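# Analysis of the macromolecular model
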Amino acid sequence: MAAAMASMAAKGAISVRHARASRPSLLPVSSSISLRSVSPRQVSLFLGRPLRQPFDPRPLHISRSRSVQIVKATAAADAKPTVLVAEKLGEAGLELLREFSNVDCSYNLSAEELCAKISLCDALIVRSGTKVTREVFEAAKGRLRVVGRAGVGIDNVDLQAATEHGCLVVNAPTANTVAAAEHAIALLAAMARNVAQADASMKAGKWQRNKYVGVSLVGKTIAVLGFGKVGSEVARRAKGLGMHVIAHDPYAPVDRARAIGVELVSFDEAISTADFLSLHMPLTPSTSKIFNDESFAKMKKGVRIINVARGGVIDEDALVRALDNGTVAQAALDVFTVEPPPKDSKLVLHENVTVTPHLGASTIEAQEGVAIEIAEAVVGALKGELAATAVNAPMVPAEVLSELAPYVILAEKLGRLAVQLVAGGHGIKGLKVVYTSSRNPEDLDTRLLRAMITKGIIEPISDVFVNLVNADFTAKQRGLRISEERISHDGSPEDPIESIQVLLSNVESKFASALSETGDIKVEGRVKDGIPHLTLVGSFSVDVSLEGNLIFCRNIDQPGMIGRVGSILAEKNVNVNFMSVGRTGPREQAIMAIGVDEEPDKESLKKIGEVPSIEEFVFLKL
């Protein structure tokens with residue numbers, strides 16, 4: 001290898017590359033991506049290493065006395081993870097979990113018992129009955145990596161605490177969609193025709209045909225409050241019953257509603273014009289008790305309400321008052337503020353209220369589907385896959401994940417490379433990322449790439465674990481200001497990104513040639529044939545694959561330089577996998593960027609530094 005390199009004339013930019021075996025596709029066909037599968041040395045995007053200490057709000061610092069090290073996998077990392085299943089889960093889901101992990105099924109745990117067990121668990125699966133509070137995450141001491149909510153709503157999980165502790169939260173948003181929608185329609189019909197009350201009356205030995213006269217659904221207006229997956233399915237079924245459907249959801253796309261034949265209206269218009277209200281919104285600070293005395297007063301007298309979403313969206317005392325004064329004729333409720341509700345609950349016992357014990361997802365098919373969906377999400381997250389059902393990470397569509405997969409690797413490696421070029425003793429406070437792309441800004445979602453650059457910068461110089469969940473939070477806590485810029489490129493929009501440039505401002509560099517004209521450390525890369533490449537260091541153009549490790553040398557451009565450095569590495573059996581030379585002109589300043597599979601020993605690095613004409617060099621681990 002050294003002889004071959006020595007024979008090459010150092011004219012312009014020279015690239016030397018070994019022939020390689022064909023690589024497997026980086027783009028899996030499923031809706032999630034295993035980044036570990038495309039880079040064995042890649043630390044798991046989400047969950048490769050637990051958070052080891054609280055966040056340090058101080059600026060980032062690099063010690064002069066310590067070298068930057070890649071975190072090595074330990075034997076413990078190969079042990080099976082432990083998954084705590086705190087509420088009943090379908091057998092199909094448990095079987096999937098057991099294939100990959102040790103499963104602890106411990107139901108009906110008290111808050112104290114959950115906190116006592118959680119430090120021994122890597123993942124936790126709950127339904128709606130278990131509260132996963134900040135105390136749970138603190139008690140986990142950094143080990144808890146995934147919380148899986150077997151269902152749609154996640155109001156029983158403290159998302160802020162999960163994010164701060166770098167814990168991914170996933171849910172199962174699709175498997176019980178149809179079941180919940182069907183239950184809403186069942187309650188709608190049962191309420192309209194007094195099915196539950198008539199059944200109870202007959203079983204008490206009565207025959208009260210005149211008392212339980214119902215109302216027709218056809219031609220009536222139903223307002224769907226919350227037009228997500230379940231709400232839109234309810235709307236479709238209500239249309240089939242001959243009802244006029246309107247909906248309110250501040251985030252619902254107009255074209256999706258129009259495709260179903262549903263008109264989107266304001267909240268006040270929805271509640272004031274509808275004959276029936278079907279509630280499907282999540283429980284958030286803005287929706288908590290949104291149905292109260294004030295909103296009931298705006299409703300059409302005799303309105304009927306169905307709730308299969310969250311009990312907390314209704315002020316239950318206000319609903320009792322509205323039922324008593326006739327504003328609300330009937331209510332059909334599957335969910336309650338406190339579950340189970342008190343036995344003497346005025347709402348449950350009200351003669352005009354039909355109730356079920358949170359049965360929205362309780363079909364055989366839905367239970368098995370939810371169990372499988374959440375088990376797959378949890379196992380995938382523990383493997384380091386990027387789950388499309390993550391709820392405390394930026395929601396990135398599956399097709400975008402597939403497209404950005406190789407750029408994710410590039411982004412982290414550019415961040416990791418840039419931070420190792422920083423000389424010690426100064427805090428890193430300014431990060432600028434420049435994307436060159438031929439796409440319109442609205443067609444390029446860079447949140448995932450920004451998170452991976454942040455991960456690459458912070459992890460090598462701290463004990464903090466950074467992932468897509470907590471990247472922005474961690475950067476803010478450490479005073480790292482991040483700005484992004486997009487440059488339009490006249491190219492094919494089929495490629496999402498032409499190049500990514502990372503600049504660190506107001507820092508000193510241990511390799512002066514990495515500084516730009518403005519004094520920033522600057523590195524740039526792009527993806528070629530699915531492989532990340534470094535293409536710019538400071539003002540020098542290079543072309544080197546970002547695999548293994550790198551050696552940068554700045555030297556005077558003259559014959560024999562490539563051969564001499566290659567010979568030093570060959571003596572110690574260090575394999576060169578890629579080499580590129582960039583220069584300002586013949587016989588002037590040049591940079592050799594050398595990719596090596598192994599880490600050279602100190603003696604080899606010392607010899608490289610002693611080569612005449614080499615003015616500076618640096619060894620970097622990727």
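About the thresholds
- Residues numbered from 1 in each chain as written.
- Predicted model: local features only at pLDDT ≥ 70, side-chain atom pairs only at ≥ 80, totals over all residues.
- Heavy atoms only, no water.
- Helix = DSSP H or I, 4+ residues; strand = E, 2+ residues; numbered from the N terminus.
- Expected span 1.5 Å × (residues − 1).
- Buried < 20%, exposed > 50% of the residue type's maximum accessible area, 1.4 Å probe, protein only.
- pLDDT = per-residue confidence, 0-100.
- Contact = heavy atoms within 4.5 Å.
- Pairing = 2+ DSSP bridges.
- Axes fitted to C-alpha atoms, helices over the stretch in contact; angles between N-to-C directions.
- Polar contact = N/O pair within 3.5 Å; in protein donor to acceptor, adjacent residues only side chain to side chain.
- Salt bridge = Lys/Arg side-chain N within 4 Å of Asp/Glu carboxyl O.
- Right-handed = clockwise from strand over helix to strand, strands pointing away.
- Parallel < 35°, antiparallel > 145°, perpendicular 65-115°, else oblique.
- Left-handed = near helix turned anticlockwise from the far one by under 90°.
- Lys, Arg positive; Asp, Glu negative; His and termini not counted.

With 16 residues, helix 7 (residues 177-192) extends 23 Å between its outermost C-alpha atoms, agreeing within 8% with the 22 Å of an ideal straight helix rising 1.5 Å per residue. In terms of burial, helix 7 is largely enclosed, as twelve of its 16 residues are buried. Just downstream of helix 7 lies Asn194, where phi reads positive at about 55°.

Per-residue confidence for the protein gives a mean pLDDT of 82, with 84% of residues at or over 70. Scored below 50 in pLDDT, residues 1-77 makes 178 contacts in the model with residues more than four places away or belonging to other chains.

Read from one edge to the other, the open sheet built from seven strands follows the order 10-9-8-11-12-13-14, with strand pairing classed as parallel. A single partner strand is all that each edge strand has here, and the edge strands are strand 10 (263-264) and strand 14 (353-355). Pairing of strand 11 (residues 276-279) with strand 12 (residues 303-307), which is carried by four bridges, proceeds in the parallel orientation. Opposite Phe276, over in strand 12, you have Arg304 as the bridge partner. With respect to the sheet, helix 9 (residues 229-240) is in contact with strand 8 (221-225), strand 9 (244-248) and strand 11, its orientation differing from that of strand 8 by roughly 170°.

Locating Gln501 in the fold gives a position in strand 18 (residues 499-505). Residue Gln501 is classed as buried on the basis of its relative accessible area of 14%. Of the polar contacts made by the side chain of Gln501, one reaches the side chain of Glu524; its length is 2.6 Å. When sequence neighbours within four positions are dropped, the list of residues in contact with Gln501 reads Lys432, Val433, Val434, Lys522, Val523, Glu524 and Leu536.

Now for the pattern of salt bridges. Per the stated rule, a full pass over the model turns up 29 salt bridges. Two residues, Arg236 and Glu233, come together in a salt bridge whose shortest N-O distance is 3.0 Å. A residue pair is termed a helical-turn pair when its members lie 3 or 4 positions apart in one helix, as Arg236 and Glu233 do in helix 9 at three residues. By relative accessible area, Arg236 is classed as partly exposed at 41%. Of the charged contacts, one joins Glu571 and Lys607 as a salt bridge, the two residues approaching to 3.6 Å between their closest N and O atoms. Highlighted residues: Glu571 in helix 19 (residues 561-571) and Lys607 in helix 20 (residues 602-610), separated in sequence by 36 residues. A network of salt bridges, in which partner residues are shared, links Glu571, Lys572, Asp601, Glu603 and Lys607.

With respect to burial, strand 12 is a largely interior element, five of its five residues being buried. Of the two faces of strand 12, the one lined by Val303, Ile305 and Asn307 and the one lined by Arg304 and Ile306 are each fully buried. Alignment of strand 12 against strand 13 (residues 328-333), held across five bridges, turns out to be parallel. Across the sheet, residue Val303 finds its bridge partner in strand 13, namely Val328. Taken together, strand 12, helix 13 (residues 316-324) and strand 13 form a β-α-β motif whose crossover is right-handed.

The topology assignment puts Lys621 in strand 25 (residues 614-621). Engagement of the side chain of Lys621 in a polar contact is seen with the side chain of Glu599, the distance being 3.1 Å.

This brings us to the packing of helix 3 (residues 91-100) against helix 15 (residues 364-382). Running from amino to carboxyl end, helix 3 crosses helix 15 at an angle of 20°, the nearest separation of the two axes being 7 Å. As the angle between them shows, helix 3 and helix 15 are arranged roughly parallel. Crossing angle aside, the handedness with which helix 3 passes helix 15 is right-handed. Residues Glu91, Ala92, Gly93, Leu96, Leu97 and Phe100 of helix 3 form the contact with helix 15, whose own contacting residues are Glu368, Ala371, Ile372, Ala375, Glu376, Val378, Val379 and Leu382.

This part covers the side chain of Glu373. Of note, Glu373 is situated in helix 15. Buried Glu373, no salt bridge; nearest opposite-charge side chain is Lys229, N-O distance 7.8 Å. Side-chain polar atoms of Glu373 contact the backbone nitrogen of Ala175, separated by 2.9 Å. The residues touching Glu373, leaving out its near neighbours within four places in the chain, are Ala172, Pro173, Thr174, Ala175 and Thr389.

Moving on: the sheet that holds strand 5 (residues 123-126). Reading across the sheet, the five strands line up as 4-3-5-6-7 and stay open at both edges, with parallel pairing between neighbours. Across the chains shown, the open sheet's two edge strands, defined by having one partner strand only, are strand 4 (102-105) and strand 7 (168-171). For this sheet, the mean inter-axis angle between neighbouring strands, taken without regard to orientation, is 20°. Across the sheet, helix 4 (residues 111-118) is in contact with strand 3 (82-85), strand 4 and strand 5; its angle to strand 3 comes to roughly 170°.

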